Amino acid sequence: MIGFFDSGSGGLSVLSQFRKWAPEAGVVYFGDINNAPYGEKTPEELEALTMLGVDVLRQRGATALVSACNSVSTSILAGASGELPFVEMTIPTAQYMKQFRGKRFLLLATPATVASGIYSRALEGVVMLDTLGIPGLAGAIEFGESDEKVSSVLAEALTQKAGEKYDGIILGCTHYPLALPALAPVIYASFGELAVIDPGEPVAAAAADAFKSEDGGAMRFYISKESDAFRARLKALFPDGSYTVEVI
Ligand code: DGL
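Definitions and cut-offs
- Residues numbered from 1 in each chain as written.
- Predicted model: local features only at pLDDT ≥ 70, side-chain atom pairs only at ≥ 80, totals over all residues.
- Heavy atoms only, no water.
- Phe/Tyr/Trp six-rings, centres within 6.5 Å; stacked < 30°, edge-to-face > 60°.
- Helix = DSSP H or I, 4+ residues; strand = E, 2+ residues; numbered from the N terminus.
- Buried < 20%, exposed > 50% of the residue type's maximum accessible area, 1.4 Å probe, protein only.
- Lys NZ or Arg CZ within 6 Å of the ring centre and 35° of its normal.
- Lys, Arg positive; Asp, Glu negative; His and termini not counted.
- Salt bridge = Lys/Arg side-chain N within 4 Å of Asp/Glu carboxyl O.
- Polar contact = N/O pair within 3.5 Å; in protein donor to acceptor, adjacent residues only side chain to side chain.
- Contact = heavy atoms within 4.5 Å.

Considering all chains together, one arrives at 10 aromatic pairs under this definition. With 6.4 Å between their ring centres and 35° between their planes, Phe 221 and Phe 238 make a pair best called tilted. With Phe 221 in strand S9 (residues 219-223) and Phe 238 in the loop between helix H11 (228-237) and strand S10 (243-247), this pair connects stretches of sequence that are 17 residues apart. By the burial criterion, Phe 221 is buried, and Phe 238 matches it. Geometrically, the ring pair formed by Phe 221 and Tyr 243 is edge-to-face, given 5.7 Å between the ring centres and 85° between the ring planes. Of this pair, Phe 221 sits in strand S9 while Tyr 243 is found in strand S10, placing the two residues 22 residues apart along the sequence. You can call Phe 221 buried: its relative accessible area is 1%. You can call Tyr 243 buried: its relative accessible area is 18%. In this structure, Arg 60 packs its charged tip against the face of Tyr 222, placed 5.0 Å from the ring centre.

A word on helix H1 (residues 11-21). Counted residue by residue, H1 has nine buried out of 11 residues, so it is predominantly covered. Regarding H1, the residues found buried are Gly 11, Leu 12, Ser 13, Val 14, Leu 15, Ser 16, Gln 17, Phe 18 and Arg 19.

Before going further, it helps to examine the side chain of Glu 88. Take Glu 88: it is sitting in the loop between strand S4 (86-87) and helix H4 (90-96). Here Glu 88 is buried and forms no salt bridge, its nearest opposite-charge partner Arg 121 lying at an N-O distance of 8.9 Å. Looking at Glu 88, its side chain comes within polar contact range of the side chain of Thr 90, at 2.6 Å. Here the side chain of Glu 88 touches Ile 91 through a polar contact of 2.8 Å, landing on its backbone nitrogen. Other than its neighbours up to four places away in sequence, Glu 88 contacts Ser 67, Ser 73, Ile 76, Leu 77, Ile 118 and Val 203.

Everything listed here is a matter of geometry and, on its own, says nothing about what the molecule does.
And the structure:
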């Protein structure tokens with residue numbers, strides 16, 4: 001079974017792409033909604049939560065790990081995956097970004113991801129990277145705030161980059177692609193037409209490539225707190241309903 005880990009719904013944006021590459025892979029997913037959002041926690045808190053999350057997945061049959069969360073990718077790279085082989089967000093993304101060599105990109109991410117410097121290191125010598133940590137945006141998406149609210153959190157944050165010119169944006173939080181219809185108009189209004197990169201695409205492809213798993217395609221979801229927003233997202237992404245959800 002392939003384990004997917006996120007603070008909540010964000011990893012679903014990676015998983016939904018992974019399913020296209022690996023429809024027969026068995027998946028066990030943990031969304032730690034009780035501790036969400038992760039993106040405003042300290043590195044020590046994130047490391048501890050990552051170790052607990054990996055344990056949850058391992059106990060439920062995961063033999064490999066996809067860190068479908070940017071905020072914990074630093075902990076994963078530092079060893080928090082234990083013995084599980086893993087794919088995290090930044091290494092496949094750096095590979096993918098080589099097609100944009102020398103271009104200028106803005107990373108939108110949680111404050112924890114920006115503070116970790118993980119994308120700046122991964123993309124050094126590949127693209128010119130500016131970064132913006134956005135408090136509150138992942139949480140607003142996780143807890144099902146309205147599109148207006150989600151757009152306004154981003155719009156407010158982007159005022160800090162007014163007048164800047166970029167060739168593209170990197171969505172450095174796996175929650176953001178879930179709210180793209182609300183976020184994209186704000187991005188284009190701020191910077192004009194430009195590339196919007198979802199790292200979930202190369203990460204999903206890398207995971208499907210790394211972990212050859214053909215165990216029937218069953219999906220089991222575990223969440224640490226009941227959430228209608230999570231269940232509604234699952235239903236929208238996987239309408240055939242062939243999965244189970246358990247609150248643990
Ligand atoms: N989706 C995660 C990320 O990519 C975590 C967001 C959060 O919980 O703040 O960073």
